[in-house]
Amino acid sequence: MPDGSRSAENSSSHGADASPVRYQGVTKRYPGADSDAVHDLDLEIPSGEICVLVGPSGCGKTTAMRMVNRTVEMTSGDILIGDRSVKDGDAAILRREIGYVIQQIGLFPHRTIGQNIATVPKLLNWDKNRTDDRVTKLLDLTGLDPEFADRYPSQLSGGQQQRVGVARALAVDPPVMLMDEPFGAIDPISRGRLQNEFLRLQADIKKTILFVTHDVDEAIKMGDRIAVMKKGGEVAQFATPTELLMEPADDFVEDFVGADRALKRLALMRVRDVDLWNAPSTQAGRRSDDVLNELKTSEVPYAVLVDGENRPLGWLSTRDLDAETVPVHPDSTGVPMIDADTTLRDGLAQLLAGGSLYGTVVDGRGRLTGVLSVEIISDFLASKEAAEVAIPAVDRPHDD
Ligand SMILES: Nc1ncnc2c1ncn2[C@@H]1O[C@H](COP(=O)(O)OP(=O)(O)OP(=O)(O)O)[C@@H](O)[C@H]1O
Ligand SMILES: [Mg+2]
C-alpha cells in the first residue's frame with residue numbers, strides 16, 4: 001500500500017507490495033508417515049492474485065500453505081517468493097513478513113484490538129505514533145470502527161473479529177498473505193458479506209494471496225485461480241474458476257465441483273458485471289405526478305424512494321403515489337438491497353429470499369446503482385449454455 005508504511009525493517013527482505021509465489025517440486029512427508037502429505041507440488045501464483053487451494057479434508061491444503069512461511073518445513077523442493085527462496089534466511093523473520101489468517105481467528109483474548117493488530121509492528125519496534133497510525137488505517141480499511149481499538153476480542157462479533165484477523169495480517173504490508181479457511185467459523189450470511197468486503201479490499205491492496213477452503217463455492221467466488229487438490233497433496237487441476245466449471249480435468253474434479261455446476265456458473269458473474277435495469281428514483285416531497293410520468297417509460301414498474309445520499313429506502317407503490325407528493329414513509333420498506341459486488345448467484349438467492357422480482361443494487365456506500373431483476377438473471381442463464389443451465393435448480397436458494 002502506498003502509505004509510506006514500508007519500513008527499513010522489511011524493505012531489506014521479502015518486503016514488496018506483492019510478490020509472485022512459486023512452488024517447485026515441493027514435497028512434505030511428516031515424520032513417521034508412510035506417504036507424502038504434499039507430493040511434488042508445482043504451482044505458480046502470479047503477483048497480486050488470489051490462489052485458492054481447495055480439496056477434501058486431509059488432502060494437504062494447510063500443509064502446502066504453511067510451507068510458505070515455514071511453520072511447516074518442506075522435505076524437498078523449493079518455494080520462491082519473488083526470486084528468493086523461503087529457505088534463505090531466518091524462519092522467524094519470514095513469518096513476521098507474511099500475513100497469516102487462520103480459521104479460529106486466533107486473536108489474543110487479553111489484548112485489545114489495537115494491540116492485536118499491532119502485534120508484528122511491536123515485534124519490529126515501530127514507534128508509538130507510527131503504530132497507532134497504522135492501526136487506525138487498518139481499522140478503517142477493514143471496515144471497523146476506530147473506537148474498537150480499545151475493546152477486547154470478546155466484545156466483538158465473530159465477523160468483526162475476523163476483520164481484525166485480516167487487519168492484523170496486513171499490519172506490515174506483507175507481500176504475501178496466507179489465509180487458511182479464514183471465513184470458516186462465520187455464519188453463512190456474514191460469510192458472504194465478509195467475502196465481498198475482502199474482495200473489495202483486495203481490489204485495492206492487490207496482495208498475492210494463498211487461500212485455503214474446502215468449500216468449492218467459496219473457491220469459485222474468491223479465486224483468480226484454483227488448485228483442486230486430492231489426497232496426498234496432488235493437484236488434480238489448476239485453473240481459473242471458469243475453466244474449472246467449463247472443463248473439469250477429470251472425474252474427481254467434476255465430482256468435486258458438483259452436479260449443480262451450471263448453477264455455479266452464476267457465481268462467476270458479479271451483479272455489477274451485468275446490465276442492470278433502471279427504476280425512477282426520487283426523494284420524498286417531489287410531485288407524485290412527475291414520478292408517475294417517469295414510470296410510464298421505465299424498465300422497472302416501481303419507483304425507488306431514496307434519501308439525500310441516493311440510498312434506497314423502499315419501493316413506492318401506486319398507492320404511495322396517489323398522494324400529491326412522494327411520502328416520507330412508503331408502503332414497502334425493507335427492500336432487498338443487493339451489494340453490487342455480490343455474485344449473481346447470491347443476488348438471486350436474495351431475490352428469492354425476499355420473494356421479490358426486483359432488488360435495488362447498491363455500491364459499497366449503500367448508494368443506488370440500479371435494479372437487479374429475476375429476468376436479468378434468467379436472460380443471463382439463457383445466454384450462456386442455456387441447455388445445461390436448468391432453471392428449476394434455482395428452486396433451491398443458496399444457503400447464504
Ligand atoms: N503435524 C503433523 N504430523 C503428522 N501428520 C500430519 C501433521 N499435520 C498434518 N498431517 C497429515 O498430513 C495430511 C494433510 O494434512 P493437512 O492438515 O495439510 O490437510 P488439509 O487439507 O488442510 O485438511 P483440512 O481440510 O481437514 O484442514 C493429513 O493426512 C494429516 O493427517
Ligand atoms: Mg487444513
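Residues numbered from 1 in each chain as written. Chains lettered and ligands numbered in written order. Predicted model: local features only at pLDDT ≥ 70, side-chain atom pairs only at ≥ 80, totals over all residues. Heavy atoms only, no water.

**Looking at the sheet that holds strand β5 (residues 84-85)**
Spatially, four strands are ordered β2-β1-β4-β5 in an open sheet, and the strand pairing comes out antiparallel. With partners counted over all chains shown, the strands left at the sheet margins are β2 (38-45) and β5, one partner each. As paired strands, strand β1 (residues 21-28) and strand β4 (residues 76-81) are joined by five bridges and run antiparallel to one another. Paired with T27 across the strands is S76, a residue of β4. (Pairing = 2+ DSSP bridges. Helix = DSSP H or I, 4+ residues; strand = E, 2+ residues; numbered from the N terminus.)

**Let's talk about the site of ligand 1**
Near ligand 1 you find Y30, A37, P56, S57, G58, C59, G60, K61, T62 and T63, and these make up its full shell. The side chain of T62 places a nitrogen or oxygen atom 2.7 Å from an oxygen atom of ligand 1. Contacts to ligand 1 include T63, whose side-chain N or O atom sits 2.5 Å from an oxygen atom. Looking at the shell around ligand 1 residue by residue, the classes come out as four nonpolar, five polar and one charged. (Near = heavy atom within 4 Å. Polar contact = N/O pair within 3.5 Å; in protein donor to acceptor, adjacent residues only side chain to side chain. Nonpolar A, V, L, I, M, F, W, Y, C, P; charged D, E, K, R; others polar.)

**Observations regarding the nonpolar core**
One finds V52, I117, M179, F198, F211 and I226 to be the most contacted residues of the largest nonpolar core, which totals 46 residues. Ranked by residue count, the leading element in this core is helix α8 (residues 188-205), at five residues. Every residue in contact with I226, bar those within four places of it in the chain, is listed here: V52, V54, A219, I220, Q237, F238, A239, P241 and L244. If you look at the next biggest cluster of nonpolar residues, it comprises 27 residues, including I45, I79, I81 and M229. (Core = buried A, V, L, I, M, F, W, Y, C linked by side-chain atoms within 4.5 Å. Buried < 20%, exposed > 50% of the residue type's maximum accessible area, 1.4 Å probe, protein only. Contact = heavy atoms within 4.5 Å.)

**As for the confidence of the model for the chain**
Averaged over every residue, the pLDDT of the chain is 84; the share at 70 or more is 89%. Confidence, read as mean pLDDT per element, is least for helix α1 (residues 8-11) in the chain (36) and greatest for β1 (97). The low-confidence segment residues 1-16, where pLDDT is below 50, has 39 contacts with residues more than four positions distant or belonging to other chains. Overall, residues 385-400 carries pLDDT values under 50, and its contacts beyond four positions in sequence, including any with other chains, amount to 25 contacts. (pLDDT = per-residue confidence, 0-100.)

**Quick word on the pairing of strand β8 (residues 208-213)**
Within β8, six of the six residues are buried, which leaves the element mostly enclosed by the surrounding structure. By the alternation rule, side chains of β8 split into T208, L210 and V212 and I209, F211 and T213, which are all buried. As paired elements, strand β3 (residues 50-54) and β8 share five bridges and run parallel to each other. In the strand pairing of β8, V52 is matched with F211. Taking the sense of rotation as the criterion, the β-α-β connection linking strand β7 (residues 176-180), α8 and β8 turns out right-handed. (Right-handed = clockwise from strand over helix to strand, strands pointing away.)

**Some words on helix α13 (residues 288-296)**
By the burial criterion, the buried members of α13 are S288, V291 and L295. The arc that holds every buried residue of α13, seen down its axis, measures 65 degrees, which confines them to one face. Considering only its buried residues, α13 is in contact with β11 (281-282) and β12 (303-306). (Arc of directions from axis to C-beta.)

**Overview of the sheet that holds strand β10 (residues 234-239)**
Spatial ordering of the open sheet is given by β6-β7-β8-β3-β9-β10, a layout of six strands whose pairing is mixed. The sheet terminates laterally at β6 (99-102) and β10, the two strands that pair on one side only. Strand after strand, the sheet turns through a mean of 15 degrees between neighbouring axes, direction not considered. The strands touched by helix α7 (residues 158-169) are β6 and β7; relative to β6, the strand with the most contacts, the crossing angle is about 160 degrees. Of the strands in this sheet, β3, β7 and β8 touch α8, which is tilted by about 140 degrees from β3. (Axes fitted to C-alpha atoms, helices over the stretch in contact; angles between N-to-C directions.)

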